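In case you want the letters, here they are:
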Amino acid sequence: MFQHRTGVAAAAFGLAALGLALPGTAAQAATAGTAGAQATCSSVWTSHRGDGNVWAFSGSNCSGDELGHTPSWDSNWSNSAGPFTGSDNDRATSLVNTGTQGGRDTVAFYLGSGYEGGHGCVTFGEKYVTDLSDDTFTTGVAANNAISSHQWVTENACSKFFH
Ligand SMILES: [Ca+2]
Ligand SMILES: [Ca+2]
């Protein structure tokens, strides 16, 4: 790891010494469009990692309907405000975290609106959860088809992690 990083730094210095511009972030540009019904949670994460969003899907392994994706929070997935509305409530079965690392890089999901009823988290490092049917909130209530609010938190704010 250390030697690899040193090598990258040396290469960058070499380019700078030659007066050449570094290529910037073009190589990191997001691939447009996930392949809809053919998407898997792995492909969603690969295509969108680092874009700052959290994603929710109605089926396992990111199949079914995409309920939404957002860099923000939503205290009520059933109301008409925010990124999750109406029938999105109580319908999530798989989740993806394509946020950016550091600080509030973990998403906490809650049984009830208003961040009530117990929580379960998906960390930056975990990337995604393919099936909530074997998960419960901190209150012991089944998490599948039960999420009603979410927010970004620090990992150490969570006491339960979906798997
Ligand atoms: Ca909402
Ligand atoms: Ca609920």
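Before reading on, note that the structure itself is shown above.
Attention here is on the structure that accompanies the text. (Residues numbered from 1 in each chain as written. Chains lettered and ligands numbered in written order. Predicted model: local features only at pLDDT ≥ 70, side-chain atom pairs only at ≥ 80, totals over all residues. Heavy atoms only, no water.)

Let us look at the sheet that holds strand β3 (residues 94-98). Note on sheets: strands pair through backbone hydrogen bonds, and any given pair is parallel or antiparallel. Spatial ordering of the open sheet is given by β2-β1-β3-β6, a layout of four strands whose pairing is antiparallel. Two strands lie at the open edges of the sheet, namely β2 (66-70) and β6 (128-129), each paired on one side alone. (Pairing = 2+ DSSP bridges. Helix = DSSP H or I, 4+ residues; strand = E, 2+ residues; numbered from the N terminus.)

What the three strands build is an open sheet, ordered β5-β4-β7; its pairing is antiparallel. In this open sheet, the two strands that pair with only one neighbour each are β5 (119-122) and β7 (149-153). Each neighbouring strand pair of the sheet contributes to a mean axis angle of 25 degrees, computed without reference to strand direction. Where strand β4 (residues 106-110) and β5 come together, four bridges link them in antiparallel fashion. Note on β5: the bridge partner recorded for A108 is C121. (Axes fitted to C-alpha atoms, helices over the stretch in contact; angles between N-to-C directions.)

This next bit is on the coordination of the calcium ion (ligand 1). Only D74 (OD), D74 (OD), N76 (O), N79 (OD1), A81 (O) and F84 (O) from the protein reach the calcium ion (ligand 1) as donors, at distances of 2.1 to 2.6 Å. Taken together, the six donor atoms coordinating the calcium ion (ligand 1) and their angles of 50 to 161 degrees define a geometry best described as irregular. All donors of the calcium ion (ligand 1) come from a single chain, and their spacing in sequence reads D-x1-N-x2-N-x1-A-x2-F. Here the residue D74 occupies a position in the loop between β2 and β3, and F84 occupies one in the loop between β2 and β3, the gap between them amounting to ten residues. Given the relative accessible area of 4%, D74 is considered buried. (Donors = N, O, S within 2.8 Å, 3.2 Å for Na, K, Ca; no water. Tetrahedral: all angles 85-135°; square planar, octahedral: opposite > 155°, others 65-115°. Buried < 20%, exposed > 50% of the residue type's maximum accessible area, 1.4 Å probe, protein only.)

With that out of the way, let us pick up the coordination of the calcium ion (ligand 2). Ideal donor angles around a metal are set by the shape: a four-donor tetrahedron calls for 109.5 degrees, a six-donor octahedron for 90 or 180 degrees. For the calcium ion (ligand 2), the full set of protein donor atoms is D90 (OD), L111 (O), A146 (O) and S148 (OG), at a range of 2.3 Å. For the calcium ion (ligand 2), all donor residues lie on one chain, and their spacing in sequence is D-x20-L-x34-A-x1-S. One end of the pair, D90, is in the loop between β2 and β3; the other, L111, is in the loop between β4 and β5, and 21 residues separate them in sequence. A residue is classified by how much of its surface remains accessible, and D90, at 37% relative accessible area, is partly exposed. Given a relative accessible area of 25%, L111 falls into the partly exposed group.

What follows concerns the packing of aromatic side chains. Using the criterion set out here, one finds six aromatic pairs in the structure. Ring centres of W77 and F84 lie 3.9 Å apart, and the angle between their planes is 15 degrees; on these two criteria the pair is classed as stacked. For the residue pair W77 and F84, the accessibility class agrees, reading buried in each case. Aromatic rings pair up to connect W77, F84, F109, F137 and F162 into one cluster. The positively charged end of K127 is found above the aromatic ring belonging to W45, 4.4 Å away from the centroid. (Phe/Tyr/Trp six-rings, centres within 6.5 Å; stacked < 30°, edge-to-face > 60°. Lys NZ or Arg CZ within 6 Å of the ring centre and 35° of its normal.)

Tallied over the full model, the rule gives one salt bridge. A salt bridge links D65 to R91; the nearest nitrogen and oxygen atoms lie 3.4 Å apart. Pair noted here: D65 is in the loop between β1 (53-57) and β2 and R91 is in the loop between β2 and β3, with a separation of 26 residues, a long-range link. Relative accessible area serves as the criterion here: at 42%, D65 is assigned to the partly exposed category. (Salt bridge = Lys/Arg side-chain N within 4 Å of Asp/Glu carboxyl O.)

The values are spatial; any link to function lies outside them.
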